[in-house]
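Observations on the model geometry
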Amino acid sequence: MGKRGSRSQSQLLGSLTKKQKKHLRDFGEEHPFYDRVSRKEAKPQTCQLSESSDTSSSESEAESEPEQVSGYHRLLATLKNVSKEEEEEEEEEEDSVMDETEMNLEDGDSDISEEEDMAAESTDMQSSVASPADPEGKDGHGPPGTSEESPEEFTDAKHESLFSLETNFLEEESGGDSSPKASQDPFVQHVNTKLKEKEIQAVATNPKTTHQLKWPILGQVVFSSKFQKLETFKPPKDIDLKSVHLQKPLESTWIKTNSQFLSGPQKSSSPFTPLQKELFLIMNSYRDLFYPERTALKNGEEIRHVYCLHVINHVLKANAQVLGNNSRRRSQKLGVGDDDDFRDQGLTRPKVLIVVPFREAALRVVQLFISLLEGDSKKKIIVSNKKRFNGEYGSDPEERPPNLKRPEDYEAVFVGNIDDHFRIGVAILQRSIRLYAPFYSSDILIASPLGLRTIIGGEGEKKRDFDFLSSIELLIIDQADIYLMQNWEHVLHLMNHMNLLPLDSHGVDFSRVRMWSLNNWSKYYRQTLLFGALQDAQINSVFNKYCVNVQGQVAVRSVPMTGSISRVLVQLPHVFQRMQVESLASVIDARFNFFVNKILPQYRDAVMSHTLIYVPSYFDFVRLRNYFKKEELNFAHICEYTQKSGVSRARHFFLQGEKQFLLLTERFHFYKRYTIKGIRNLIFYELPTYPHFYSEVCNMLRATSRGEEAAWTCTVLYSKSCIPEKFSIDQILVQPVFERTGGARGGSEKSIEGILNL
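Residues numbered from 1 in each chain as written. Predicted model: local features only at pLDDT ≥ 70, side-chain atom pairs only at ≥ 80, totals over all residues. Heavy atoms only, no water.

Take helix α23 (residues 618–630) next. A rise of 1.5 Å per residue sets the reference length of α23, with its 13 residues, at 18 Å; its end C-alpha atoms lie 18 Å apart and thus fit the reference within 8%. Residues of α23 that are buried: Asp620, Phe621, Leu624, Arg625, Tyr627 and Phe628. For α23, the arc enclosing every buried residue in end-on projection is 165 degrees, short of the 170-degree limit, so these residues lie on one face. Exposed side of α23, more than 90 degrees from the buried face: Phe619 and Lys630 are the residues found there. After α23 finishes, the residue Glu632 shows a positive phi value of roughly 55 degrees. (Helix = DSSP H or I, 4+ residues; strand = E, 2+ residues; numbered from the N terminus. Expected span 1.5 Å × (residues − 1). Buried < 20%, exposed > 50% of the residue type's maximum accessible area, 1.4 Å probe, protein only. Arc of directions from axis to C-beta.)

For the rest of this paragraph, the subject is empty space enclosed by the protein. On inspection of all chains with the given rule, the structure shows three cavities of 30 Å³ or more. Of the pockets and cavities examined, the largest cavity occupies roughly 60 Å³. For the largest cavity, the full set of lining residues is Val203, Lys208, Lys226, Phe227, Asn544, Cys547, Val548, Asn549 and Gln553. Of the residues that constitute the lining of the largest cavity, the class distribution is four nonpolar, three polar and two charged. (1 Å grid on protein atoms, 1.4 Å probe; cavity = no way out; pocket = protein on both sides within 12 Å on 5 of 7 lines; lining within 4 Å. Points joined across faces, edges and corners; volume = space filled by probe spheres on them. Nonpolar A, V, L, I, M, F, W, Y, C, P; charged D, E, K, R; others polar.)

What follows covers the pairing of strand β13 (residues 611–615). Buried residues dominate β13, accounting for five of its five residues. Across the two faces of β13 the burial is the same, with Thr611, Ile613 and Val615 and Leu612 and Tyr614 all buried. In this sheet, strand β16 (residues 681–684) lies alongside β13 in parallel orientation, the contact comprising four bridges. Paired with Leu612 across the two strands is Leu682, which belongs to β16. (Pairing = 2+ DSSP bridges.)

Here the focus is the packing of helix α10 (residues 250–257) against helix α13 (residues 300–331). Between α10 and α13, the shortest axis-to-axis distance is 12 Å and the interhelical angle comes to 165 degrees. By the angle between their axes, α10 is roughly antiparallel relative to α13. Judged by the sense of rotation from one axis to the other, the crossing of α10 with α13 is right-handed. For the pair α10 and α13, the contacting residues are Leu250, Trp254 and Thr257 in the first and His305, Val306, Leu309, Ile312, Asn313 and Leu316 in the second. Residues that form the contact of α10 with α13 fall into these classes: six nonpolar, three polar and no charged. (Axes fitted to C-alpha atoms, helices over the stretch in contact; angles between N-to-C directions. Parallel < 35°, antiparallel > 145°, perpendicular 65-115°, else oblique. Left-handed = near helix turned anticlockwise from the far one by under 90°. Contact = heavy atoms within 4.5 Å.)

With that settled, consider a nonpolar patch on the surface. Nonpolar side chains collect at one region of the surface, where Phe510, Met515 and Leu518 lie side by side and expose about 260 Å² of accessible area between them. Looking at where Phe510 falls in the secondary structure, it is placed in the loop between α19 (488–496) and α20 (515–518). Judged by relative accessible area, which is 44%, Phe510 ranks as partly exposed. (Patch = residues over 30% accessible without salt bridge, like charges linked within 9 Å, V, L, I, M, F, W, Y side chains within 5 Å. Areas by Shrake-Rupley, 256 points an atom, 1.4 Å probe, with all protein chains shown as cover. Salt bridge = Lys/Arg side-chain N within 4 Å of Asp/Glu carboxyl O.)

Three or four residues apart is the spacing at which side chains of an α-helix point the same way, because the helix has 3.6 residues per turn. Restricting attention to buried positions, one finds in α10 the residues Leu250, Thr253, Trp254 and Thr257. In an axial view of α10, the angular spread of the buried residues amounts to 105 degrees, which keeps them on one side of the axis. Elements in contact with the buried residues of α10: α12 (274–284), α13 and α14 (359–374).

This part covers the confidence of the model for the chain. Per-chain confidence: the chain averages 77 in pLDDT, with 69% of residues scoring 70 or above. Of the regions scoring below 50 in pLDDT, residues 723–727 engages in 10 contacts with residues more than four places distant in sequence or in other chains. Every residue in residues 734–758 scores below 50 in pLDDT, and together they form 59 contacts with partners more than four places removed in sequence or on other chains. (pLDDT = per-residue confidence, 0-100.)

Looking now at the environment of Thr675. Within the fold, Thr675 resides in the loop between α25 (666–672) and β16. Between the C-alpha atom of Thr675 and that of Val697, which follows or precedes it by 22 residues, the distance is 8.3 Å. For Thr675, the residues in contact, after removing those within four places along its chain, are Arg651, Met700 and Ala703.

This is the structure we're talking about:
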């Protein structure tokens, strides 16, 4: 018995933390916070508490109720005044919000009931298995429809009060003026805009009113609106942070966060770069914005900084308004005051949705949020689950092959963690940030289109949820051009589920919900910011169809001044074959018939071997592949789904001349950027989506130059009625080439002016 007793005591000591051992040495007993309840005694207060606290007896509930309330109030009082030592320990040890709770209560010698202790332990165990914001347990890596989701996937009752807007109030140090009350504040003006039923009904029939202006940096800017009033403005020469109504502490933190883009005289005169100034003026006016000149190499980070500033500014103002009204309601008696004065929320808490293509982009957005809230302050903000976030969204530099040589734009886009299946909720409460917050307890949602698609689901699926999109006030779609290479259907599916009435109340206080949200008019108050690298018909369609903001829309429509053909380094005749198309709907069939009947017969001869056919659309690729198989043509094909061994064989056969044709998809070129050797004849089945792909593919001809330059050819198919190809042709052509009509080699030729004047 003595050995067993000593062994059990050693095991018990081994399970204690350093703080528990120190308390045991100093006082001869364990701290009351860590009291253990013997499992042999079947006490009601500890029975099945990990599942629900409601299973305890009525007597236990009566005893623990006042302790729970006081414990939470003590927690809220100490949450914002954590010492530096506690913050360092939190960065090293915290994996959940309850770790913060235990540390704060322990240092303050607070008492907590056994029920709360058991609930915290059970919740930590559950959160370590699967995140509440991630129903599949591995952040969305499981196959859709196979995950075992809990019925309360988006709820977190144990931690709701810690970051709840309803149970918190404005801090005393913030003062009563931190909630946006000024009538000149764009946020207040926007949310207080009142619409009438007649105006909403007239939106469907009203023609869009447009007005075009020229701005110094953005160039041609088109203001438009379907509502009666169309207001335009020009950017002032100088702006200061006070004039744009930034919420504290952004006035002081923004300058440090944005200092890397400011140099020379700009650093002292303006807190924004010229581009950031014009973009933020549009964002701060709460108009929809489409900016198609965002590139990863030049201005990508510059734009990300400015829209993150707008997001944090919006969330802080919205939360300050709610917390300020909480204080007002607490100070007033019941029944005093107008209920409409306290309408400050939506039907669900999430206000901002940021759609980014890769985890690396989400990592940079969260890092900017922390930097904007922290700044020069000596007191660091509390960031829960930071270690887990850095582990799942960060990357190991050693994983990248050292000898991988790719173009600069490829290196800029595919940097860091390029996983495209993720979603994460972020809750912000004054000086605290909670990562991996449940969606219905989050202020900001950051996700990829695929990550959202697996949650939203489709018609007929049992496990689907899109209520968290019902009250989104700010939607940011960054790097929209990359979604064309992923799956554009996911973006359309998301837009079709934005700002719909929720199917469940989710515990909302309807007396605090804004009237325009109750009327299902949220989409008229939602601001959409769309950033991409090119003008594309599908992106334009989303902006024109789904953006109906009452403040209006702003689109940048600058015509490119240089073309990618100037970067072609080989001597190559460029022949543009124009198709006659009656309508945009018939362009797909017209292109196929034109290629099969007019273009392909010219390349069937053995003399025209080593022909690469560049196909932007995967559906066109499948159609051509099936036709080539049916006609028994000697060809190979490479697409984004081809295995590595198949790619190597196809490239080898094409280089050796064993295969006359090689079909290549644009998505394969986008993700791999392989140099295809052995090309002598080049056919663009359609103009590339990215203009610089034209010069990249043309320059592949010099990879195996054997004195055959005189026989090289390049043929491009395009149609006059296809709107997106107009933008592409302008971006490609800057020097005299020839356009052929009629399809045959003997057709009439027209100069470049005929192409530029489409």
